[in-house]
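Chains, contacts and geometry: an overview
Residue-level listing of the chains:
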Amino acid sequence: MMNPQIYISADETTFHLTNGEFSYILHCLPDGHLMHLWSGKAVRPEADYTCFHEVFPRPMTSCPDADSWYSREHTAQECGTFGSSDFRTPAIEITHPDGSTLSDFQLTSWNILDGKPALPGLPAVYCEDSSEAKTLECILTDQKNSLEMVLSYTIFRDHNVIARNTRLINHGDAPVYADTVQSLCLDLPDSDYVWMQFSGAWGRERHLRNRTLEQGIQSVESTQPAGTFQSQPQSGGDPSKRAYG
């Protein structure tokens, strides 16, 4: 593998994280929203991958711009919020002082850091040397509600993974209530996935369970204070295992 790199397009709208074997690409749309273009096998950093953003007429679709077929509901978003033509389960939902739950986060700046910053007060993956990873921080702002959201993406030299976290900063005078703040949102383009999870009991922990990922909400959770032999609150998807009826 090569040292981790973060490539940025000339117009500063496309960000490509890669270590030579794995690539993760995100793109800033004209309205300031971040969308997901690619995650998987490494691709050439100099190519244009905005063709993965499909914009074409769809029946019964809400479009924020009357002169465009662009709809956030059919866009692979990096951190989707409710409203503004996106009616999927939001990755972040905030109750504002006026009772509204609508937020509109737009990219305003970004930073590239060597290594992986620590998460104060929280356990997290770390690097012993800053050359082991690079981190992209995307700063998005909700101007109306004086909120700032920082989406952090870390690409590692020796592992084909992306470490992500989300930080929310209130610059307003009144408190807000974070009803939902997910560490990540990942919209995938395909539909034939197998959901993998570990279940079990004492003495026979972590039995692998596979099931077809279907429409609707599927989840893995535990009401105990930590992962136990009965349930591991983690899951994975395997796109190589196709399901056929």
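Predicted model, so just to flag it, every value in this text is computed and none were measured. (Residues numbered from 1 in each chain as written. Predicted model: local features only at pLDDT ≥ 70, side-chain atom pairs only at ≥ 80, totals over all residues. Heavy atoms only, no water.)

For the structure on display, the rule yields six salt bridges. With its nearest N and O atoms 2.6 Å apart, the salt bridge here joins Asp114 to Lys134. On the criterion of sequence distance, the pair formed by Asp114 in strand β6 (residues 106-114) and Lys134 in strand β7 (residues 133-142) is long-range, its members being 20 residues apart. Of the residues examined, Asp114 reaches a relative accessible area of 54% and is grouped as exposed. Arg157 is paired through a salt bridge with Asp158; the nearest N and O atoms lie 3.1 Å apart. Arg157 sits in the partly exposed class, given a relative accessible area of 22%. (Salt bridge = Lys/Arg side-chain N within 4 Å of Asp/Glu carboxyl O. Helix = DSSP H or I, 4+ residues; strand = E, 2+ residues; numbered from the N terminus. Buried < 20%, exposed > 50% of the residue type's maximum accessible area, 1.4 Å probe, protein only.)

So, about the side chain of Ser23. The residue Ser23 is located in strand β3 (residues 22-28) in this model. Judged by relative accessible area, Ser23 falls into the buried class, the value being 0%. Polar side-chain contacts of Ser23 include one of 3.4 Å to the side chain of Thr18. From its side chain, Ser23 meets the backbone nitrogen of Val43 in a polar contact 3.1 Å long. In this view, Ser23 contacts His16, Leu17, Thr18, Trp38, Ser39, Gly40, Lys41, Ala42 and Val43; residues no more than four positions away in its chain are not counted. (Polar contact = N/O pair within 3.5 Å; in protein donor to acceptor, adjacent residues only side chain to side chain. Contact = heavy atoms within 4.5 Å.)

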